[in-house]
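# Overview (structure and organization)
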Amino acid sequence: MSILNVRHTTVYRYRRPVALGDHRLMLRPRDSHDLRLIQTNLNLSPPATLRWSHDVFGNSIAIASFAEPSAELRIESSLQLETYVVKRPAFQITPEAVSYPFIYSADDRIDLGRMLERHHPDLADRLGSWARGFIRSKPTNTSALLADLNSGVAAWISYQNRETEGTQTPIETLNRGWGSCRDLAVLLIEAARSLGFGARVVTGYLYNPSADGHTTAVTGAGTTHAWADIYLPGAGWIAYDPTNGTIGGGDLIRVAVTRDISQAVPIAGSFIGTPDDYLGMTVDVSVVSENRGSARMALAPDG
């Protein structure tokens, strides 16, 4: 068990006081068997009225409404939470799905819905052909296939931190041979879907053990992070982080799960003014481990 104190501060600056539209905030992790929220605090300047809700995926969403104009918008989220690492083997697949290919039950297919469907055009079957290259035999072991696919993304694609907005398409990532963590996650998700697996986007924190003096280091810490969940009957949703080639995600903390990466923006909003009024933004995310010292972490999905 680890107790973590997380602070995430985003500051928007404008040339003159501007009217602020509603801002949608996706900053609060969900309690689970491997995560318990102890305390949360959300401060905004100028002050705002908050309306809380759950989106279609069950993520906690806050809508901030501002009454006064301002030349600066500061959003600061503070969390204290407990994380519990589940020792492997953490999951067991039902006998019917141990070997690939397998067929999801009728109920699973209904519930997975569009998370079974590919979201990006692949007219030349570039991605589909690449993904099928990891199938060693028919039938083949399901866990081994997904492990090879996950590590294969890291082997084929070089990680590069990219601060520009948006996400590359899977074909763009394959053609370029590089991408950010969100590009690698989308590539893995689309490849898994091309093989018939249900997959979804996960965004959240990435803990870097090496910052606390441990020998294990991770790629993508200190910036925002995204990874994939793949659904396996009997085991449920399993975390696959292609940026680091890991499975199970002992160093990953979920903030949001979505069908598409565009639905996982941590802060989205607007202002009334001219484009020249916007001067830019700064983001600072840090975490202090009460068990093992301080480290840097990330809040998705821009890593």
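Everything that follows concerns the structure shown earlier in this document.
The following refers to the structure shown.

What counts as what
- Residues numbered from 1 in each chain as written.
- Predicted model: local features only at pLDDT ≥ 70, side-chain atom pairs only at ≥ 80, totals over all residues.
- Heavy atoms only, no water.
- Helix = DSSP H or I, 4+ residues; strand = E, 2+ residues; numbered from the N terminus.
- Buried < 20%, exposed > 50% of the residue type's maximum accessible area, 1.4 Å probe, protein only.
- Contact = heavy atoms within 4.5 Å.
- Areas by Shrake-Rupley, 256 points an atom, 1.4 Å probe, with all protein chains shown as cover.
- Pairing = 2+ DSSP bridges.
- Polar contact = N/O pair within 3.5 Å; in protein donor to acceptor, adjacent residues only side chain to side chain.
- Core = buried A, V, L, I, M, F, W, Y, C linked by side-chain atoms within 4.5 Å.
- Patch = residues over 30% accessible without salt bridge, like charges linked within 9 Å, V, L, I, M, F, W, Y side chains within 5 Å.
- Salt bridge = Lys/Arg side-chain N within 4 Å of Asp/Glu carboxyl O.
- Axes fitted to C-alpha atoms, helices over the stretch in contact; angles between N-to-C directions.
- Phe/Tyr/Trp six-rings, centres within 6.5 Å; stacked < 30°, edge-to-face > 60°.

### Some points on the overall build of the protein chain
In terms of regular secondary structure, the protein chain is built from five helices and 19 strands. Out of the 303 residues belonging to the protein chain, those deemed buried represent 50%. In the protein chain, 75% of the contacts between residues at least 6 apart in sequence involve partners at least 24 apart. Accessible surface, the protein chain as shown: approximately 14200 Å² in total, 50% of it carbon and sulfur.

### What about the sheet that holds strand 16 (residues 267-268)?
Reading across the sheet, the four strands line up as 4-5-2-16 and stay open at both edges, with antiparallel pairing between neighbours. Edge positions in the sheet fall to strand 4 (48-54) and strand 16, since each of these pairs with one other strand and no more. Summarising the sheet, strand 2 (residues 23-25) and strand 5 (residues 60-66) pair through three bridges and their orientation is antiparallel. Bridge pairing links L25 to A62 in strand 5.

### A few points about the environment of D241
With respect to the secondary-structure elements, D241 resides in strand 13 (residues 236-241). For the pair D241 and A226, spaced 15 residues apart in sequence, the C-alpha separation works out to 7.8 Å. Excluding residues that lie within four positions of it along the chain, D241 makes contacts with N150, H225, A226, W227, T246 and L252. Within the local environment of D241, its side chain forms a polar contact with the side chain of H225, the two groups lying 3.1 Å apart. Reaching out from D241, the side chain makes a polar contact with the side chain of N244 at a distance of 2.9 Å.

### So, the nonpolar core
W130, L149, L195, F197 and L232 are the most contacted members of the largest nonpolar core, which totals 40 residues. Looking at this core, the elements with two or more residues in it are helix 2 (126-132), helix 3 (142-156), helix 5 (181-194), strand 11 (198-206), strand 12 (225-232) and strand 13. Among the elements that line this core, the one with the most residues is helix 5, at nine residues. In contact with L149, other than residues within four places in its own chain, are W130, A131, F134, L188, A191, A192 and L195. Formed by 14 residues, the second largest nonpolar core is a distinct cluster that contains Y14, V18, L20 and I75.

### Notes on a nonpolar patch on the surface
On the surface, Y278, M281 and V283 cluster together into a nonpolar patch covering about 260 Å² of accessible area. A relative accessible area of 47% places V283 in the partly exposed class.

### Quick look at the pairing of strand 6 (residues 70-83)
Among the 14 residues of strand 6, eleven are classified as buried, and the element is accordingly described as predominantly covered. Where strand 1 (residues 2-20) and strand 6 come together, 13 bridges link them in antiparallel fashion. The residue bridging N5 from the neighbouring strand is Q80, located in strand 6. For strand 3 (residues 35-45) and strand 6, the ladder comprises ten bridges, and the chain directions are antiparallel. Its bridge partner being in strand 6, R36 is matched across the sheet by E82.

### Concerning unusual backbone geometry
A cis amide bond links Y100 with the next residue in sequence, P101, at an omega value of 5°. Residue placement: P101 occurs in the loop between strand 7 (99-100) and helix 1 (106-112). A cis amide bond links K138 with the next residue in sequence, P139, at an omega value of 0°. When you line up the elements, P139 lands in the loop between helix 2 and strand 8 (140-141).

### So, the sheet that holds strand 11
Reading across from one edge, 14-13-12-11-15 is the order of the five strands in this open sheet, with antiparallel pairing throughout. With one partner strand each, in any of the chains shown, strand 14 (246-247) and strand 15 (252-258) form the two edges of the open sheet. Judged from the six bridges that link them, strand 11 and strand 15 form a sheet pairing that is antiparallel. The residue of strand 15 that forms the bridge with V201 is T258. Sitting on the sheet, helix 3 touches strand 12, strand 13 and strand 14, and the angle it makes with strand 13 is about 30°. Of the strands in this sheet, strand 11, strand 12 and strand 13 are in contact with helix 5, which crosses strand 12 at around 15°.

### Regarding the side chain of H8
Secondary-structure assignment places H8 in strand 1. Judged by relative accessible area, which is 5%, H8 ranks as buried. A polar contact is formed between the side chain of H8 and the side chain of T10, at a distance of 3.2 Å.

### So, the packing of aromatic side chains
Across all of its chains, the model carries ten aromatic pairs by this definition. Relative to F134, the ring of W130 has its centre 5.0 Å away and its plane inclined at 80°; by these criteria the two rings are edge-to-face. Here W130 matches F134 in class, with each residue buried. Ring centres of Y231 and W237 lie 5.3 Å apart, and the angle between their planes is 65°; this geometry places the pair in the edge-to-face category. Every member of this aromatic cluster is reached through a ring pair, and the members are Y100, F102, Y104, F197, Y231 and W237.

Purely geometric stuff here, so don't read any function into it on its own.
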